[in-house]
Amino acid sequence: MITGEDKEKVRQATDLLQLVSETVELRQRGHDFWGCCPFHHEKSPSFHVIPSSGLWKCFGCGAGGDVFAYVMRREGLDFADSVRYLADRAGIELTEEGSARRGPRRNRLVECVSAARDYYSLTLMRDRGEGPGAARRYLAGRGFGSTVCRRWHLGFAPGRGRLVSHLRNKGFSDEEILAADLALGGRGGLRDRFFDRAMFPIDDEQGRPIGFGGRVLGDEKPKYLNSPETPLFSKGHELYGLFEARTAMRQHGFALVTEGYMDVVALAQMDFGNAVATLGTACTPEHVRKLFRFTDHVVFSFDGDAAGRRAARKALDAALPHATDTRSVKFLFLPPEHDPDSYIRTYGKDAFAEQIQQALPLSRFVIETAQEGCDPSST
């Protein structure tokens, strides 16, 4: 059970106006703020935020309450989980009555992953070894120079226990390193989970590093290795690049969902900063619900091959329950030999923008999917 003291601590640490402004455009009238309600479609603003009292109210649909009620409705959480959500956001460690703490504190795990990100990044930028050199050449060949690498905190994992040693020197315990899944245990002690890979840090929507994607520099398998499920990281809930893309989604008017880290970074360099990527897993309803917090329009971009079609059908299943008259979903299929990264490098951003304009509406893709495998002559 969460204590009353902790609930109040979380309430005091949360700025309701800032929280709402992340996904709702508000305009000030006197001391209060107004905008269109995020919980129902409206053209005239009836959603009212009162910073002085910490309350909100929609005079259109009748919803209202405090900061916890807002998060419960926006995130689909119960009350206790809404407190945990805001505590995590504010960096507050809850002391829940009647439950023993399991493993290291969450804040320490975020700090541990952050230290690993900085180590990988510094290794890529400064280490003169063959591994980091190969990673720099590989990333440069994809159009990612030092400025891009710094912006996205790209790095290199040397392995061979070097990260474990670095984290221990930073004061992290073996329990914390294992809980963050930055290392594997065994008879010989801890060993680095990632080695000889270009590293892509994965942030949560507050911009805190919570995991990694590692890309091999040669032909080894698997090509990409993602962090496993941890107390910080869930592939079915997180999207690569979401923190960076939130503002661009509003500017472009839609979110562009791709299949890879490279796509997101490459598209951002070509003024498509509204791109995000799923993390080695199929698109989930949670992914779609999260995107619709920031925009009313989502475009899924897939390769035109059989694998891309299969991924699109899974995205269709995830999106159908959330699509409405005001929330649209479209599907973009590139030529089989291209992904967004290679297409935009080959043909340029204007050609890619044209591809987006030609994306299939959800209704049309539903019909095409239903017709697949059908023989019209048999009807």
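Residues numbered from 1 in each chain as written. Predicted model: local features only at pLDDT ≥ 70, side-chain atom pairs only at ≥ 80, totals over all residues. Heavy atoms only, no water.

## Considering empty space enclosed by the protein
Link 1 in the chain: One pass over the full model with this rule turns up one cavity of 30 Å³ or more.
Link 2 in the chain: The calculated volume of the largest cavity comes to roughly 50 Å³.
Link 3 in the chain: Taken together, Trp-152, His-153, Pro-201, Asp-203, Tyr-240, Gly-241 and Glu-244 form the lining of the largest cavity.
Link 4 in the chain: For the lining of the largest cavity, the per-class residue count stands at three nonpolar, two polar and two charged. (1 Å grid on protein atoms, 1.4 Å probe; cavity = no way out; pocket = protein on both sides within 12 Å on 5 of 7 lines; lining within 4 Å. Points joined across faces, edges and corners; volume = space filled by probe spheres on them. Nonpolar A, V, L, I, M, F, W, Y, C, P; charged D, E, K, R; others polar.)

## Quick notes on the sheet that holds strand β9 (residues 197-203)
Link 1 in the chain: Taken together, four strands build an open sheet; the order of strands is β6-β9-β10-β11 and the sheet is antiparallel. Pairing within the sheet leaves two strands with one partner each, and these edge strands are β6 (155-157) and β11 (224-226). In this sheet, neighbouring strand axes are inclined to one another by 35 degrees on average, regardless of whether the strands run parallel or antiparallel.
Link 2 in the chain: Seen against the sheet, helix α5 (residues 106-126) touches β6, β9 and β10 (209-216) and runs at an angle of roughly 35 degrees to β10. (Pairing = 2+ DSSP bridges. Helix = DSSP H or I, 4+ residues; strand = E, 2+ residues; numbered from the N terminus. Axes fitted to C-alpha atoms, helices over the stretch in contact; angles between N-to-C directions. Contact = heavy atoms within 4.5 Å.)

## Considering the nonpolar core
Link 1 in the chain: Membership of the largest hydrophobic core comes to 47 residues, with the highest contact counts inside it found for Tyr-120, Leu-139, Phe-144, Leu-154, Leu-182, Phe-200 and Tyr-240.
Link 2 in the chain: With nine residues, the top contributor of residues to this core is α5.
Link 3 in the chain: Not counting chain neighbours up to four residues away, the residues in contact with Phe-144 comprise Leu-139, Cys-149, Leu-154, Met-262, Val-265 and Ala-266.
Link 4 in the chain: If you look at the next biggest cluster of nonpolar residues, it comprises 27 residues, including Leu-239, Ala-312, Ala-318 and Phe-365. (Core = buried A, V, L, I, M, F, W, Y, C linked by side-chain atoms within 4.5 Å. Buried < 20%, exposed > 50% of the residue type's maximum accessible area, 1.4 Å probe, protein only.)

## So, the pattern of salt bridges
Link 1 in the chain: Counted according to the given criterion, the structure contains 28 salt bridges.
Link 2 in the chain: A salt bridge links Glu-111 to Arg-108; its shortest N-O distance comes to 3.3 Å. With a gap of three residues between them, Glu-111 and Arg-108 both fall in helix α5, about one helical turn apart.
Link 3 in the chain: On the accessibility criterion, Glu-111 (40% relative accessible area) is partly exposed.
Link 4 in the chain: Between Lys-290 and Glu-205 there is a salt bridge, with its nearest N and O atoms 3.7 Å apart. Residue Lys-290 is found in helix α12 (residues 285-291), and its partner Glu-205 is found in the loop between β9 and β10; the two are separated by 85 residues along the sequence.
Link 5 in the chain: Residue classification places Lys-290 among the buried residues on the basis of a relative accessible area of 6%.
Link 6 in the chain: Several salt bridges share partner residues, and in doing so they unite Asp-88, Arg-106, Asp-204 and Arg-208 into one network. (Salt bridge = Lys/Arg side-chain N within 4 Å of Asp/Glu carboxyl O.)

## Re the layout of surface pockets
Link 1 in the chain: Estimates place the volume of the second largest pocket at around 1,000 Å³.
Link 2 in the chain: Taken together, 35 residues make up the lining of the second largest pocket; nearest its centre are Thr-23, Cys-37, Pro-38, Asp-296 and Arg-327.
Link 3 in the chain: Taken together, the elements giving at least two residues each to the lining of the second largest pocket come down to β1 (27-29), β2 (32-35), α3 (67-75) and α10 (242-252).
Link 4 in the chain: If one sorts the elements of the lining of the second largest pocket by residue count, α3 sits on top with four residues.
Link 5 in the chain: In terms of residue class, the lining of the second largest pocket is built from 11 nonpolar, 12 polar and 12 charged.

## Section: the confidence of the model for the chain
Link 1 in the chain: For the chain, per-residue confidence averages 90 on the pLDDT scale, and 96% of positions sit at 70 or higher.
Link 2 in the chain: For the chain, helix α16 (residues 362-371) is the element with the lowest average pLDDT, namely 85, and β6 is the one with the highest, namely 98. (pLDDT = per-residue confidence, 0-100.)

## Describing the sheet that holds strand β4 (residues 55-58)
Link 1 in the chain: Read across the sheet, five strands follow the order β1-β2-β3-β4-β5 without closing on themselves; strand pairing throughout is antiparallel. Of all the strands in the sheet, just β1 and β5 (64-65) have a single pairing partner and so form its edges.
Link 2 in the chain: When β2 meets strand β3 (residues 47-50), the two strands line up antiparallel, connected through three bridges. Paired with Trp-34 across the two strands is His-48, which belongs to β3.
Link 3 in the chain: Seen against the sheet, α3 touches β3, β4 and β5 and runs at an angle of roughly 50 degrees to β4.

## As for unusual backbone geometry
Link 1 in the chain: For the peptide bond that leads from Lys-221 to Pro-222, omega is -5 degrees, which places it in the cis range.
Link 2 in the chain: The topology assignment puts Pro-222 in the loop between β10 and β11.
Link 3 in the chain: A positive phi angle, near 55 degrees, is found at His-153, a position not held by glycine.
Link 4 in the chain: Assignment of secondary structure puts His-153 in the loop between α7 (146-151) and β6.
Link 5 in the chain: Residue His-153 is classed as partly exposed on the basis of its relative accessible area of 30%.
Link 6 in the chain: We note that Arg-160 has phi near 60 degrees; this positive angle belongs to a residue other than glycine.
Link 7 in the chain: Secondary-structure assignment places Arg-160 in the loop between β6 and α8 (162-169).

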